[in-house]
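Chain and residue survey
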Number of protein chains: 2
Amino acid sequence: MPKRSYQQYCPTAYSLDVVGDRWTLLIVRDLLFGPRRYTDLLEGLPGIGTNLLANRLKEMEAAEVVRKTKLPPPASSTVYELAERGRQLAPIVMILTDWGLELMPGYVPEEDEVPVVPCLGAMTKLFVGDSAEDMTVEFHINEEVYVVRIEGGQMSIQPGTTPDADLVVYTTPRALMTMLVEHRDPATYLENGEIEIRTGDVSLLKTFTGFFQHPSAA
Amino acid sequence: MPKRSYQQYCPTAYSLDVVGDRWTLLIVRDLLFGPRRYTDLLEGLPGIGTNLLANRLKEMEAAEVVRKTKLPPPASSTVYELAERGRQLAPIVMILTDWGLELMPGYVPEEDEVPVVPCLGAMTKLFVGDSAEDMTVEFHINEEVYVVRIEGGQMSIQPGTTPDADLVVYTTPRALMTMLVEHRDPATYLENGEIEIRTGDVSLLKTFTGFFQHPSAA
DNA sequence: CCGAATCCTTATTGATACTG
DNA sequence: CAGTATCAATAAGGATTCGG
């Protein structure tokens, strides 16, 4: 069966033939911070339906947007990662993210409405380096672990742990997300158990969230 | 009926809830060079189906991406134009265009595969100002007329005519497009009647097309 | 468990005909 | 010209199954 196409001799249309289908750009978003397994993707895309994810990944692989590889032993799990053409789509996801920040609703989301990757995305987009002091934070978000390092006004996000964290936080995605986007007070989440601080203290967490600012506030 | 949504508390997903549906970004593309009438849009989007275009426009209007206005008398036709939020999507269309240039096939397209707007898009994306000398060209593409002015290495495209054109060309979209993208020789098209020069001569047209270069050639 | 393939129901689309 | 209305063809969503 021939894939559906706009049938236009137009670069924009050719692009959308490849990445314009439902879910495709969200898959790119989910691969922006590193390789993911099939099931990670499924979890980050509630509602996609496993057959559709499999199809999309196959199409994206054929278009050289993603690549399927095996992690080195002993992990050895098969993961999907962005190929070169896929990495070139990062600016699009970035602009969509900026554009969508204006559309964020004012309500507190349900817990299953906030996948992990958007939190990382929001971090990169909302970070304002000007007044940021150096610090290293280890975030445990659901089952995933990331090290966020701020150095000289620059922020980096790496998967994995670190021995030298100033702050180690266990959090749900929505707690993290709403603290970043709406500067919601950590106290509420510490009380209901959505956030737990293992190393460091609340004041440090508040300092950290202070480094993030909605562009409309500028 | 509630519109289908990704249901994610994520700026990227919110954006795609609005502009991620089939055809939506192509409509934005078609409005990038100025207001268009309903039927112009239909013509630029072969295959869309008039009900779907009407739906999309309604959704985009509700999302304040496009605005519906009336042209001043005596034209008085209703047109659609980009609103502020819509204009902010221009960078996305641009990146998609860059990305899609790599995907352009090597064949000569059918005539009805090339709408007018992609030609204007290709012009803006492929123009290399470095060696460009000043000139003014009036293009009649199908029923539409545009003035392309090159001044001091800068190019502008305006709808309408001009009395001081160095070159006046009547052309089909595909002739123009393939000359820009693949540097196809005008001679072929002059012979088969797809291009007609009313003012100026072929050498000037060749000079003009020389100002455009595929990024991969750089 | 992971990475899908299958089956079935619902929602969206594409094409055409028709109307103020 | 600017859309509505109708309806068949497709694609998406959800549950279940199946092989490493």
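Residues numbered from 1 in each chain as written. Chains lettered and ligands numbered in written order. Predicted model: local features only at pLDDT ≥ 70, side-chain atom pairs only at ≥ 80, totals over all residues. Heavy atoms only, no water.

Let's shift gears to the protein's contact with DNA strand C. Taken together, 19 residues lie around DNA strand C, and A:Arg4, A:Thr78, A:Tyr80, B:Arg22 and B:Arg56 are the ones closest in. Here, DNA strand C places atoms within 4 Å of the protein, and 71% of those atoms are sugar or phosphate. Backbone polar atom of A:Tyr38 to a phosphate oxygen of DNA strand C: 3.2 Å apart, as the coordinates give it. The separation between a base nitrogen of DNA strand C and a polar side-chain atom of B:Asn51 is 2.8 Å. Among the elements of the structure, α3 (38–44), α4 (50–62) and β2 (78–82) of chain A together with α4 (50–62) of chain B are those that each provide at least two residues to the surface near DNA strand C. (Near = heavy atom within 4 Å. Polar contact = N/O pair within 3.5 Å; in protein donor to acceptor, adjacent residues only side chain to side chain. Helix = DSSP H or I, 4+ residues; strand = E, 2+ residues; numbered from the N terminus.)

Residue and element names in this part refer to chain B. Relative to the elements of secondary structure, Arg67 occurs in strand β2 (residues 66–70). The sequence separation of Arg67 and Gln158 amounts to 91 residues, and the corresponding C-alpha distance is 20 Å. If near-sequence neighbours (up to four positions away) are discounted, Arg67 is found in contact with Val79, Tyr80, Glu81, Leu82, Ala83 and Arg87. (Contact = heavy atoms within 4.5 Å.)

For the rest of this paragraph, the subject is the nonpolar core. Residues A:Val28, A:Ile92, B:Val28 and B:Ile92 are the most contacted members of the largest nonpolar core, which totals 54 residues. The contacts of A:Val28, once residues within four sequence positions are left out, are A:Met60, A:Val65, A:Leu82, A:Gly86, A:Leu89 and A:Val93. Counting 38 residues, the second-largest nonpolar core is a separate cluster that includes B:Val114, B:Met123, B:Tyr146 and B:Ala175. (Core = buried A, V, L, I, M, F, W, Y, C linked by side-chain atoms within 4.5 Å. Buried < 20%, exposed > 50% of the residue type's maximum accessible area, 1.4 Å probe, protein only.)

As enumerated under the stated definition, the model contains twelve aromatic pairs over all chains in all. Considering the side-chain rings of A:Tyr6 and B:Trp23, the 4.8 Å spacing of their centres and the 70° angle between planes classify their relative orientation as edge-to-face. Note that A:Tyr6 is positioned in the segment before α1 (11–19) and B:Trp23 in the loop between α1 (11–19) and α2 (24–31), a pairing that runs across two chains. The same class applies to A:Tyr6 as to B:Trp23, namely buried. Taken together, A:Phe127, A:Phe139, A:Phe208 and A:Phe212 form an aromatic cluster joined through their ring pairs. In this structure, B:Arg85 is placed above the aromatic ring of A:Trp99, and the distance from its NZ or CZ to the ring centre is 5.2 Å. Geometry around B:Tyr170 places B:Arg198 over its ring, the cationic atom sitting 3.9 Å from the centre. (Phe/Tyr/Trp six-rings, centres within 6.5 Å; stacked < 30°, edge-to-face > 60°. Lys NZ or Arg CZ within 6 Å of the ring centre and 35° of its normal.)

What follows covers α4(A). Residues and elements named next belong to chain A. For α4, which comprises 13 residues, the first-to-last C-alpha distance of 18 Å matches the rise-based estimate of 18 Å (1.5 Å per residue) to within 8%. Within α4, burial applies to Leu53, Arg56, Leu57 and Met60. One face of α4 carries all of its buried residues, which in axial projection span an arc of 100°. Opposite the buried face of α4, by more than 90 degrees, sit the exposed residues Asn51, Lys58 and Ala62. For α4, the elements touching its buried residues are α2 (24–31), α3, β1 (66–70) and β2. Positive backbone phi, at 60°, marks Glu64, one or two positions downstream of α4. (Expected span 1.5 Å × (residues − 1). Arc of directions from axis to C-beta.)

This brings us to the relation of the copies chain B and chain A. Least-squares fitting of chain B to chain A yields an RMSD of 0.0 Å, with the transformation described by 0.0 Å of translation along the axis and a rotation of 180°. Such a turn and shift between the copies fits a two-fold axis. Distance from the rotation axis, computed per C-alpha, reaches its smallest value in chain B at B:Ile92: 2.9 Å. Most of the interface of chain B is mirrored in chain A, where 100% of its interface residues are also at the interface. (Least-squares fit on C-alpha atoms with pLDDT ≥ 70 in both.)

Turning our attention to the domain arrangement of chain A. All names here are of chain A. For chain A, the domain assignment lists domain 1 (11–101) and domain 2 (116–217). Of note, the centres of domain 1 and domain 2, computed from C-alpha atoms alone, are 25 Å apart. Every contact between the two is made by eight residues of domain 1 and, on the other side, twelve residues of domain 2. Between domain 1 and domain 2, a total of about 950 Å² is buried, with carbon and sulfur atoms accounting for 67% of that surface. Counting the surface domain 1 buries against domain 2, the share from its top three residues, Phe33, Arg36 and Leu101, is 63%. In this assembly, domain 1 and domain 2 are joined by two salt bridges. Applying the counting rule to domain 1 against domain 2 returns four residue pairs in polar contact (both at pLDDT 80 or more). Those elements that provide at least two residues to the side of domain 1 that touches domain 2 are α2 and α6 (90–101). At four residues, the largest contribution of residues to the side of domain 1 that touches domain 2 is made by α6. (Domains from an automatic or database assignment. Buried area = accessible area lost by both parts, 1.4 Å probe. Salt bridge = Lys/Arg side-chain N within 4 Å of Asp/Glu carboxyl O.)

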